[in-house]
Amino acid sequence: MNKVLLNSLNKICNKKKNGYNNFNVLLNIRNIVYDTSRNYKKRENIFYKSFIRNDYSSMSKKVEDENDNKKKSKKKNIFLTWKCLGINLSLTIPALYLYLYLLQNEKNKKKGFGKTTMESIGKPLIGGDFTLINHHGNIVTNKSFKNKFCLIYFGFTYCPDICPQELEKQTIVIEKIHKKYGDIITPIFISVDPQRDTVAQINYYCKSFSPKLIGLTGTKELIKHVAKLFRVYYNENVTDVNYSKENESISKNNNYNYNYLIDHSIIHYLLDTNGNFLDFFGKNATTSEMVDKISEYIDDHMNKHKDYPKNTISIQA
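All figures in this text were calculated on a predicted structure; none of them were measured in a lab.

**Some remarks on the overall build of the protein chain**
Step number 1: If you tally the helices and strands in the protein chain, you get seven helices and nine strands.
Step number 2: Evaluated residue by residue, the protein chain yields a buried proportion of 31% over its 317 residues.
Step number 3: Intrachain contacts of the protein chain at a sequence separation of at least 6 include 72% that bridge at least 24 residues.
Step number 4: Split by element, the accessible area of the protein chain, about 21,800 Å² in all, is 55% carbon and sulfur.

Written out as structure tokens, the structure reads:
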């Protein structure tokens, strides 16, 4: 308001020439207003300065107090976090070790799944001397396969599913061993069905799997003898439901019945170079497990006999 009044007085005083008679009075009034406004500004500045100083000091105290509180809270938080960390580590580390231990056991179980092992006192009484007829019609004995490892499987050519699967598995194992070591192991198929598995039938059947596979057959007495040596179970009293009329006519012409299956053991027997029993593999054993186990026996034999197999067999290139 003082500024507005002062400006109006200045305008009036500047118009002296326009006929204002009371110019001096107006000039004095203007000076008074100017002085009062000037003093007011000084007071106003002094007031603001004091207010700002007081306010700043109070604000600075508040800031300092807040900083102190933050430092204290940080110390408390740091203490709490380290304490919590220690508690968490003391709980999680044992749990982690337990988890890893269980995981390793699970892996070991998976690795050992399908492997057939046998615990016995002394040497198992499996294997021995036998005489049979091979798929070429020649008489062979257990000594005919000396100087090589042997993998023997018992079955019959009219088996619908199990025998083909196992012989296919045996063929894969033999091929992998031959690639790794050479012609160091012989696959053998021994029939438990001498009535139907003639030399010609065995010859045709073995060629369908591998040219390396040797088929053996014989009389009932010879088959019973070799089956007893290897503790092989087989039973002919199983009727074939899927028996066809064509096979029935063949049975009548040959004066004996083809309408049967044979229930038998599903085992592969591993023999060493002297015909001694080493190990066996059941139906659940995989090809990789069989190859690994057979390789262990071969490596052990080679370490004990440095001249093997150079002086016994020729290794494939």
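**Digging into unusual backbone geometry**
Glycine aside, the phi torsion of most residues is negative, and most peptide linkages are trans.
Step number 1: Positive phi is not limited to glycine here, since Asn 147 has a value of about 75 degrees.
Step number 2: Positionally, Asn 147 belongs in the loop between strand 2 (139-141) and strand 3 (149-155).
Step number 3: Looking at Asn 147, the relative accessible area reads 35%, which means it is partly exposed.
Step number 4: Positive phi outside glycine occurs at Arg 231, with the angle close to 55 degrees.

**A few points about the UniProt feature "binding site: Cu cation" (unreviewed entry) in the protein chain**
Step number 1: In the numbering used here, UniProt assigns the "binding site: Cu cation" (unreviewed entry) feature to Cys 159, Cys 163 and His 264. Maximum C-alpha separation among the annotated residues is 10.3 Å over a sequence range of 106 residues, consistent with a single clustered spot.
Step number 2: If you trace the backbone, Cys 159 turns up in the loop between strand 3 and helix 3 (162-181).
Step number 3: Its location among the elements puts Cys 163 in helix 3.
Step number 4: What makes Cys 163 buried here is its relative accessible area of 0%.
Step number 5: When sequence neighbours within four positions are dropped, the list of residues in contact with Cys 163 reads Tyr 153, Gly 155, Phe 156, Tyr 205 and His 264.

**Concerning the sheet that holds strand 2**
Step number 1: The strand order across the open sheet formed by seven strands is 2-1-5-4-3-8-9, and the pairing between neighbours is mixed. The outermost strands of the open sheet, each flanked by one partner alone, are strand 2 and strand 9 (277-281). Averaged over all adjacent pairs, the angle separating strand axes in this sheet is 35 degrees, with direction ignored.
Step number 2: Pairing analysis gives three bridges linking strand 1 (residues 131-134) to strand 2, with the strands arranged antiparallel. Bridging across to strand 2, Thr 131 finds its partner in Thr 141.
Step number 3: Lying over the sheet, helix 3 contacts strand 3, strand 4 (185-191) and strand 8 (268-271), oriented at roughly 170 degrees with respect to strand 3.

**Description of the pattern of salt bridges**
It is possible for side chains of opposite charge to pair when their charged atoms get near one another.
Step number 1: Enumeration over the complete set of coordinates arrives at five salt bridges.
Step number 2: Taking the shortest distance from any N to any O, the salt bridge between Asp 183 and Lys 148 comes out at 3.0 Å. Here the residue Asp 183 occupies a position in the loop between helix 3 and strand 4, and Lys 148 occupies one in the loop between strand 2 and strand 3, the gap between them amounting to 35 residues.
Step number 3: Lys 293 is paired through a salt bridge with Glu 296; the nearest N and O atoms lie 3.7 Å apart. Of this pair, Lys 293 and Glu 296 both sit in helix 7 (residues 287-304), three residues apart, roughly one helical turn.

**Some points on helix 7**
Step number 1: Given a rise of 1.5 Å per residue, 18 residues ought to cover 26 Å, and the 26 Å separating the end C-alpha atoms of helix 7 matches this to within 8%.
Step number 2: Among the residues making up helix 7, those that are buried are Glu 289, Met 290, Val 291, Ile 294, Ser 295, Ile 298 and His 301.

**Concerning empty space enclosed by the protein**
Step number 1: Under the defined criterion, the tally for this structure stands at one cavity of 30 Å³ or more.
Step number 2: Size it by volume and the largest cavity reaches roughly 40 Å³.
Step number 3: As for the largest cavity, its lining consists of Gln 170, Thr 171, Ile 174, Glu 175, Pro 187, Ser 210, Lys 212 and Leu 213.
Step number 4: Top element by residues in the lining of the largest cavity is helix 3. It accounts for four residues.

**Considerations on the pairing of strand 4**
Step number 1: Counting buried positions along strand 4 yields seven of seven residues, so the element is predominantly enclosed.
Step number 2: On strand 4, burial covers both faces: Ile 185, Pro 187, Phe 189 and Ser 191 on one face and Thr 186, Ile 188 and Ile 190 on the other are all buried.
Step number 3: Bridge analysis of strand 3 against strand 4 gives seven bridges, and the strand direction is parallel. Opposite Tyr 153, over in strand 4, you have Phe 189 as the bridge partner.
Step number 4: After leaving strand 3, the chain enters helix 3 and then returns to the sheet as strand 4, a path that is right-handed.
Step number 5: Here strand 4 pairs with strand 5 (residues 214-217) via three bridges, running parallel. Among the inter-strand pairings, Ile 190 is bridged to a residue of strand 5, identified as Leu 216.

**Some words on a nonpolar patch on the surface**
Step number 1: Residues Leu 96, Tyr 99, Leu 100 and Leu 103 make up a contiguous nonpolar surface patch of about 380 Å² in total accessible area.
Step number 2: Of note, Tyr 99 is situated in helix 2 (residues 23-112).

**Observations concerning the packing of aromatic side chains**
Step number 1: Tallying each qualifying case throughout the model produces seven aromatic pairs.
Step number 2: Summarising the aromatic geometry, the rings of Phe 154 and Phe 230 are spaced 5.6 Å apart at their centres and angled 50 degrees between planes, so their arrangement reads as tilted. Linking Phe 154 in strand 3 with Phe 230 in the loop between helix 5 (220-229) and strand 6 (234-238), this pair joins segments that are 76 residues apart in sequence. The burial state of Phe 154 is the same as that of Phe 230; both residues are buried.

What counts, and where the lines are drawn
- Residues numbered from 1 in each chain as written.
- Predicted model: local features only at pLDDT ≥ 70, side-chain atom pairs only at ≥ 80, totals over all residues.
- Heavy atoms only, no water.
- Helix = DSSP H or I, 4+ residues; strand = E, 2+ residues; numbered from the N terminus.
- Buried < 20%, exposed > 50% of the residue type's maximum accessible area, 1.4 Å probe, protein only.
- Contact = heavy atoms within 4.5 Å.
- Areas by Shrake-Rupley, 256 points an atom, 1.4 Å probe, with all protein chains shown as cover.
- UniProt positions renumbered as here; feature names shortened; annotations may be inferred.
- Pairing = 2+ DSSP bridges.
- Axes fitted to C-alpha atoms, helices over the stretch in contact; angles between N-to-C directions.
- Salt bridge = Lys/Arg side-chain N within 4 Å of Asp/Glu carboxyl O.
- Expected span 1.5 Å × (residues − 1).
- 1 Å grid on protein atoms, 1.4 Å probe; cavity = no way out; pocket = protein on both sides within 12 Å on 5 of 7 lines; lining within 4 Å.
- Points joined across faces, edges and corners; volume = space filled by probe spheres on them.
- Right-handed = clockwise from strand over helix to strand, strands pointing away.
- Patch = residues over 30% accessible without salt bridge, like charges linked within 9 Å, V, L, I, M, F, W, Y side chains within 5 Å.
- Phe/Tyr/Trp six-rings, centres within 6.5 Å; stacked < 30°, edge-to-face > 60°.

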